[in-house]
Amino acid sequence: LDLNSLLNLYDFEYLASQILANQAWAYYSSASDDEFTYRENHAAYHRIFFKPRVLVNVKNVDISTEMLGFKVSVPFYVSATALVKLGNPEEGEKDIARGCGQGEHKCPQMISTFASCSLQEIVEAAPSKEQIQWLQLYVNTNRSATESLLREAETLGLRAIFLTVDTPASGRREKDMKLKFISSNAPQNARAAKNKSSRGASQALASFIDPTLTWEDVAELKTKTNLPVVIKGVQCVEDVLKAAEIGVDGVVISNHGGRQLDFSRAPLEVLADTMPILKEKHLDDKLEVFIDGGVRRGTDILKALCLGAKGVGLGRPFLYANSCYGKDGVEKAISMLAEELQCSMRLLGAKSIKELGPELLDVTGLKNR
Ligand code: FNR
């Protein structure tokens, strides 16, 4: 199918469901238990409406912004996903790096600890100097492995560490659990995942993640690196406040795309709870708040930005785009989102990201599930 005939991210998802090998589709699409949170992540976006302003000159709309001290041309990013070679066996994460940097819009890329390619390969594949890459960090049960990954990220010039804190164990992703993990798919940083699990990829990988991780480890990580540290997978205001107290540079409000605790709340709802409290406590300038989970449309991104998110992450859509079309699919997914966002901002009456705010939204329905 001609890539140019695709209109939106759902087209990639449908195509991926038709062409991906069982193993890849099961690992990528699955979420935990009844997948209730997975559906809710997206559904929550349907409960917020816009209050457009008219008669604003919106000839030029600027969607560029800053994340963690760097200028970026789009307010969204590719979130970390493990095992990208399951869907794109030749190029894996390298094609995500290319797709993020080859087009008009340079999109930040968060690279998983469990990437199929080495960090160096992914960094070298990035075609543009303006491109931002971050490391997503899982703390290994073997702490020295984590130390060396951290050093490697610094040496290679990655711009931030996103420490994932929502995975002391893997959620039960049953589509994935029905299939045996194939050892040749083991990622660079978990080579020993060989034959570890007859219950799918997620369970095999989770055995390398340290379940003893606590807030003290986060504080310690801050002292071990000069890169910004963001914790990924925070799910309530109380923990956002703790993160602020420890002095991390940001948080990602996320439930891992519904892959961890089923019946955790949609990140959009948590974001709406969080931002007014951060403002009230004058902490909204102290740390940057990111969000991911269920984002599929420019309007979804726009809603999260109006509520105060600095950046909006997407996981599965880029996996699907990359699996179907490689780097050109990734570039296309980015441009689809950028175009949708520009169009919606025009219709909302906003010329730039800094003009967005909660006054442009009607959130009265958000809590009426
Ligand atoms: C993930 N996610 C993830 N997160 C992380 O911190 N490290 C990882 O290695 C992975 N791996 C991973 C694999 C797959 C197949 C998926 C779908 C997700 C979670 C990811 O970063 C992000 O939080 C979610 O994907 C966001 O939800 P959506 O956009 O997929 O709905």
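Note: the structure precedes this text.
Residues numbered from 1 in each chain as written. Predicted model: local features only at pLDDT ≥ 70, side-chain atom pairs only at ≥ 80, totals over all residues.

(A) Quick peek at the overall build of the chain. Along the backbone of the chain there are 13 helices and 12 strands. A compact globule built from 369 residues would reach a C-alpha radius of gyration of about 21 Å, and the chain, at 19 Å, matches this within 12%. Each principal axis of the C-alpha atoms in the chain carries an extent, and together these give about 60 × 50 × 45 Å. Across the 369 residues that make up the chain, the buried fraction comes to 53%. Put simply, 75% of the contacts in the chain that link residues at least 6 apart link residues at least 24 apart. (Helix = DSSP H or I, 4+ residues; strand = E, 2+ residues; numbered from the N terminus. Rg over C-alpha atoms; globule rule 2.2 N^0.38 Å. Buried ≥ 20, exposed ≤ 12 C-beta atoms within 10 Å, placed from the backbone. Contact = placed C-beta atoms within 7 Å.)

(B) Representation of the pairing of strand β10 (residues 288–292) within the structure. Within β10, 5 of the 5 residues are buried, which leaves it mostly tucked inside the rest of the structure. By the bridge criterion, 4 bridges tie strand β9 (residues 250–253) to β10 in an arrangement that is parallel. Residue pairing across strands places Val252 opposite Phe290, the latter belonging to β10. Between β9 and its parallel partner β10, the chain crosses via helix α11 (residues 267–280), and the hand of that crossover is right-handed. Examined bridge by bridge, β10 and strand β11 (residues 311–314) share 3 bridges and lie parallel to one another. The residue of β11 that forms the bridge with Phe290 is Gly311. Remark: the β10/helix α12 (residues 298–307)/β11 crossover connection has right-handed handedness. (Pairing = 2+ DSSP bridges. Right-handed = clockwise from strand over helix to strand, strands pointing away.)

(C) Structural view of the site of the ligand. If you check the shell around the ligand, you find 23 residues, and the closest are Ser79, Ser112, Gly257, Gly315 and Arg316. For the shell around the ligand, the per-class residue count stands at 7 nonpolar, 12 polar and 4 charged. (Near = placed C-beta within 6 Å. Nonpolar A, V, L, I, M, F, W, Y, C, P; charged D, E, K, R; others polar.)

(D) View of the nonpolar core. With 115 residues, the main nonpolar core has Phe162, Val251 and Leu271 as its most contacted residues. In terms of residue count, the dominant contributor to this core is helix α13 (residues 316–348) (15 residues). Not counting residues within four places of it along the chain, the set of residues in contact with Phe162 comprises Ala80, Met110, Trp134, Gln136, Leu137, Val230, Lys232 and Val252. (Core = buried A, V, L, I, M, F, W, Y, C linked by C-beta atoms within 7 Å.)

(E) The pairing of strand β8 (residues 229–234), seen in detail. Within β8, 6 of the 6 residues are buried, which leaves the element mostly enclosed by the surrounding structure. As judged from the 4 bridges shared by strand β7 (residues 161–164) and β8, these two strands associate in the parallel manner. From the neighbouring strand, Leu163 faces β8, where its bridge partner is Ile231. Of the pairings in the sheet, the one linking β8 to β9 comprises 4 bridges and is parallel in character. Residue Val230 lies in a different strand from β9, and its bridge partner there is Gly250. The handedness of the β8 to β9 crossover, carried by helix α10 (residues 237–246), is right-handed.

(F) Up close: helix α6 (residues 143–155). The terminal C-alpha atoms of α6 lie 19 Å apart, and with 13 residues this matches the ideal 18 Å at 1.5 Å per residue to within 8%. Listed in full, the buried residues belonging to α6 are Thr146, Leu149 and Ala153. Down the axis, α6 shows its buried residues gathered within 60° of arc, on one side only. Turned more than 90 degrees away from the buried face of α6 sit Ser144, Ser148, Arg151 and Thr155, all of them exposed. In this structure, the buried side of α6 is in contact with α5 (119–125), β6 (133–137) and β7. Looking one or two places after α6, you find Gly157, whose phi comes out positive at around 85°. (Expected span 1.5 Å × (residues − 1). Arc of directions from axis to C-beta.)

(G) Quick peek at the environment of Thr37. Turning to its location among the elements, Thr37 is positioned in helix α3 (residues 36–43). For the pair Thr37 and Phe263, spaced 226 residues apart in sequence, the C-alpha to C-alpha distance is 5.2 Å. Among all residues touching Thr37, those that are not within four sequence positions of it are Ala31, Asn255, Gly258, Asp262, Phe263 and Ser264.

(H) A look at helix α2 (residues 22–29). For α2, the buried fraction is high: 6 of the 8 residues fall into the buried class. Buried residues of α2: Ala24, Trp25, Ala26, Tyr27, Tyr28 and Ser29, and no others. Where α2 is buried, its residues touch α1 (9–19), α7 (174–177), α8 (200–206) and α13.

(I) Layout of the packing of α12 against α13. The N-to-C vectors of α12 and α13 enclose an angle of 60°; their axes lie 8 Å apart at closest approach. One way to sum up the angle between α12 and α13 is to call them oblique. You can see that α12 and α13 cross each other, and the crossing is right-handed. Of the residues in α13, those in contact with Gly298, Thr299, Ile301 and Leu302 of α12 are Leu337, Glu340, Leu341, Cys343, Ser344, Met345 and Leu348. (Axes fitted to C-alpha atoms, helices over the stretch in contact; angles between N-to-C directions. Parallel < 35°, antiparallel > 145°, perpendicular 65-115°, else oblique. Left-handed = near helix turned anticlockwise from the far one by under 90°.)

(J) Region of interest: the environment of Lys327. Locating Lys327 in the fold gives a position in helix α13. Along the sequence, Lys327 and Ile63 sit 264 residues apart, while their C-alpha atoms lie 22 Å from each other. Ignoring sequence-local partners within four residues, the contact set of Lys327 consists of Asp95, Arg98, Gly99 and Gln102.

(K) Spotlight on unusual backbone geometry. One non-glycine residue with positive phi stands out, namely Glu35, at about 60°. Relative to the helices and strands, Glu35 is located in the loop between α2 and α3. For Leu55, which is not glycine, the phi torsion reads 55° and is therefore positive. Among the structural elements, Leu55 can be located in the loop between β1 (49–50) and β2 (65–67). Given 6 C-beta atoms within a 10 Å radius, Leu55 is considered exposed.

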